[in-house]
Amino acid sequence: MKKLTYKKLYSLILVVTLLTILGMIFTCSSYYQLQKHAVDLAENQLSTLNHSAINVVKTKFRSYQQTLNLLQPQMTNEQFIEEPKNLSNLKNEEALVGLFLFSQDGTLINSQPLHTSQPTAGLAKLVAKDPDFSQALSGSIKQNGAVYFNDNHSYINIYQTVPLNNNQHALLVLLADLQTLYHSELLDTDDQAGYTMVKNQEMKVVMHPSSEQVGLSIVNGREEKYPTLDLSDLKKLEKKQLTQSRGDAVYYSYWWPKPKIKRVLKITSFEWTTIGNSRLIFASNEDYYERNGLLLQDGLIIIGLLMILLVVIALLGLSIKYYHKRNQTYAENLQLKKHQQLLQEKHALEKQILQESKLETIGLLTTTIVHDMNNFLTPIIGNLQLLMEEHHEDELLVDDLNEVYQSAIKGQNLSKNVLGFSKVETAPKSNYALSQVIQEAIDHLSLLVPKSFTLTTDLPDIGKTVFEKEDLQIIIYNLITNAYQAKQDAHVSITLFADDPSAYFDQSLLPKTKKKTNVPGQFAIIEISDNGPGIPLEIREKIFTPFFTTKKEVGGTGLGLFIVSSIIKKNGWSIQLVSQSQGTTFYLGIPLN
């Protein structure tokens, strides 16, 4: 056996050393490349998560604003209606604290607590803490004010100006608790490695998993509360966020919700956004090591060498498999949602086709009946004429026959009107005096209404306009018929006058004209009022819907007011309903020539 020389030993040590160094370099290079890729992937995903959180909050605020827009027309005498429609929608929102109505000088008119037992006075004072509250009272805030704080909670006011008849306005305020909104919509309780937080322009925390952090500045406020912590990285992050509209960062900080505060390395993606009168920054944070699955220490990289490579490759394979499975599940969910949407659209289309089929069937049936009635009346009218000629010497008999004859003629005219309304083509229009057309419709109805029914009119001659007189007469007929069907001894008054339409109708419901303003005299206003029981609030938006009726027990079809609405839309006229417990008034607006 030969003795081994040191030369071979040194050569072996050198080879192992070189291989170890090369292995370390290769492993470290691969490790840092993988780490960079994982960081980029994490930043992209955090940015997507951050943008989704912004969209969720903006969508919520848009829905709150739309609900206020719907509540605005339901204000009567600057008060809440007893049970405003859409109020139940607000009560279903956990983040909404209350609904308030303020006068222009800031006096609380009315309030409606939604999810709190706190006294109304206390809530009103809370609303007034908004630094933009005075601007909102003046009408210069369009959606919401700035964020403000109270007892580790952040609040924001959503505003809606309510115009009044005396050129004044009231302010409708919806108070939202942003911390409650955060816990119900943004906080993922299953994700223990990170969360999304929100700050305002002063870098004070607006939304956070830990309520004790709300209202604190991320640097100054925390320095006062935690004087022993190292917040140097947070100062750099604050400076970066104040100078950039969006970006990413890796920094040392702490997980504030956890009972034991421990310094950790975080990765964040932030983005500024504006909601109404508030500018907010959304920042999604996650644990740097937990997010990237890189829990290896630097010493393990040197010791592990190829084992580290195998572990990294295994982790990468598992990550790819996990993301592939996750993407596959996401695609399947999209397909299910799309299928569900198609089913809903199909159901809505089938329902619409069924309604149109009902209307068509009733139209055909009505036209057939009226046509047959017209055929029955024709020989009656002819025979009555012959009888009156044969017995012209008997004046008493002729008077009786003439009364029957006139009734038959009116019935025949009524059937012609119904047949004319059922035709698709438009009848020729003429220039009619509105007072004469209305009076003619009332004369036709005089034989049909009960004797206990009374009708008063004030129909001055205010001018003429071009339209189909049968259209206006059908509207008059249906509105009067509804009045005496609701109350047999009803009293109806019909008044015709010219006035500015903006005092009676919503501007969006008025027909567009070439002139910039509508001066008094351009519009004819027909006011039809009764002393009936009124129309309940909960069904006012349904009365123009086809087949909707409250008189099913007496054979109501639910088509009368639907026909009125159809004629209004066809001619570009306007209609407005005002109803109380003592009676109902319809205002009909028709442009004059």
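Treat the numbers as computed from the prediction; the structure is a model and nothing was measured.

### With respect to the overall build of the protein
In terms of helices and strands, the protein carries 14 helices and 19 strands. Within the protein, buried positions represent 38% of all 593 residues. Contacts in the protein between residues at least 24 apart in sequence constitute 62% of all its contacts with a sequence separation of at least 6. Summed over its atoms, the accessible surface of the protein is roughly 34,600 Å², and 56% of this surface lies on carbon and sulfur atoms.

### Some words on a negative patch on the surface
Among the surface-exposed residues, Glu393, Asp394, Glu395, Asp399, Asp400 and Glu403 lie close enough to one another that they form a single negatively charged patch. Structurally, Glu403 can be placed in helix H11 (residues 395-422). Judged by relative accessible area, which is 57%, Glu403 ranks as exposed.

### A short note on the sheet that holds strand E18 (residues 574-580)
Ordered by their spatial adjacency, five strands build an open sheet running E14-E16-E17-E19-E18, and the pairing between neighbours is mixed. Lying at the two open borders of the sheet, with one neighbouring strand each, are strand E14 (454-458) and E18. Across the sheet, the axes of successive neighbouring strands diverge by a mean angle of 15°, strand direction being ignored. Bridge count between E18 and strand E19 (residues 583-591): seven bridges; the pairing is antiparallel. Counted as the bridge partner of Gln580 is Gly583 from E19.

### Section: the nonpolar core
Counting residues in hydrophobic clusters, the biggest one holds 51 residues, and the most contacted among them are Phe61, Ile158, Leu174, Leu178, Met207 and Phe282. Residues in contact with Leu174, not counting those within four places in the same chain, are Tyr64, Leu68, Leu90, Leu96, Gly98, Leu99, Leu114, Ile156, Asn157 and Ile158. Residues Phe467, Leu472, Ile474 and Ile568 belong to the second largest nonpolar core, which totals 39 residues.

### Brief notes about a nonpolar patch on the surface
A surface patch of nonpolar side chains, about 480 Å² in accessible area, is lined by Val15, Leu19, Ile21, Leu22 and Ile25. Assessed through its relative accessible area of 55%, Leu22 is described here as exposed.

### Remarks on the pattern of salt bridges
Here the structure, examined in full by the defined rule, presents nine salt bridges. Of the charged contacts, one joins Arg246 and Glu271 as a salt bridge, the two residues approaching to 3.9 Å between their closest N and O atoms. You can see Arg246 sitting in strand E10 (residues 246-254) and its partner Glu271 sitting in strand E11 (residues 263-275), a full 25 residues away along the chain. For Lys570, the salt bridge goes to Asp471, with nearest N and O atoms at 2.8 Å. On the criterion of sequence distance, the pair formed by Lys570 in helix H14 (residues 560-571) and Asp471 in helix H13 (residues 469-486) is long-range, its members being 99 residues apart. For Lys570, a relative accessible area of 46% puts it in the partly exposed group.

### As for the side chain of Gln179
As for its position among the elements, Gln179 is in helix H5 (residues 178-185). With residues near it in sequence (within four places) discarded, Gln179 still touches His153, Ser154, Val206, Met207, His208, Pro209, Ser210, Ser211 and Val214.

### Description of unusual backbone geometry
Despite not being glycine, Asn152 shows a phi value in the positive range, around 60°. Residue placement: Asn152 occurs in the loop between strand E5 (148-150) and strand E6 (153-163). One non-glycine residue, Met203, lies in positive phi territory at about 60°.

### Quick look at the confidence of the model for the protein
Counting all residues, the mean pLDDT for the protein is 78, and 77% of those residues have values of 70 or more. The spread of mean pLDDT over the elements of the protein runs between helix H9 (residues 298-304), the lowest at 52, and strand E9 (residues 205-207), the highest at 94. Segment residues 294-299 is flagged for pLDDT under 50; beyond a separation of four residues in sequence, or across chains, it makes eight contacts in the model. Low pLDDT, under 50, characterises residues 514-520; the stretch is placed with nine contacts to residues that sit more than four places away or in other chains.

### Considering the sheet that holds E6
Taken in spatial order, the five strands line up as E4-E3-E7-E6-E5 in an open sheet, and their pairing is antiparallel. Two strands lie at the open edges of the sheet, namely strand E4 (108-113) and E5, each paired on one side alone. On average, each strand axis in the sheet is tilted by 30° relative to the strand beside it, whichever way the strands run. Across the sheet, helix H3 (residues 120-127) is in contact with strand E3 (96-102), E4, E5, E6 and strand E7 (169-177); its angle to E3 comes to roughly 85°. In the packing of H5 onto the sheet, contacts are made with E6 and E7, and the angle to E6 comes to roughly 105°.

Cut-offs applied
- Residues numbered from 1 in each chain as written.
- Predicted model: local features only at pLDDT ≥ 70, side-chain atom pairs only at ≥ 80, totals over all residues.
- Heavy atoms only, no water.
- Helix = DSSP H or I, 4+ residues; strand = E, 2+ residues; numbered from the N terminus.
- Buried < 20%, exposed > 50% of the residue type's maximum accessible area, 1.4 Å probe, protein only.
- Contact = heavy atoms within 4.5 Å.
- Areas by Shrake-Rupley, 256 points an atom, 1.4 Å probe, with all protein chains shown as cover.
- Patch = residues over 30% accessible without salt bridge, like charges linked within 9 Å, V, L, I, M, F, W, Y side chains within 5 Å.
- Salt bridge = Lys/Arg side-chain N within 4 Å of Asp/Glu carboxyl O.
- Lys, Arg positive; Asp, Glu negative; His and termini not counted.
- Charge placed at Lys NZ, Arg CZ, Asp CG, Glu CD.
- Pairing = 2+ DSSP bridges.
- Axes fitted to C-alpha atoms, helices over the stretch in contact; angles between N-to-C directions.
- Core = buried A, V, L, I, M, F, W, Y, C linked by side-chain atoms within 4.5 Å.
- pLDDT = per-residue confidence, 0-100.

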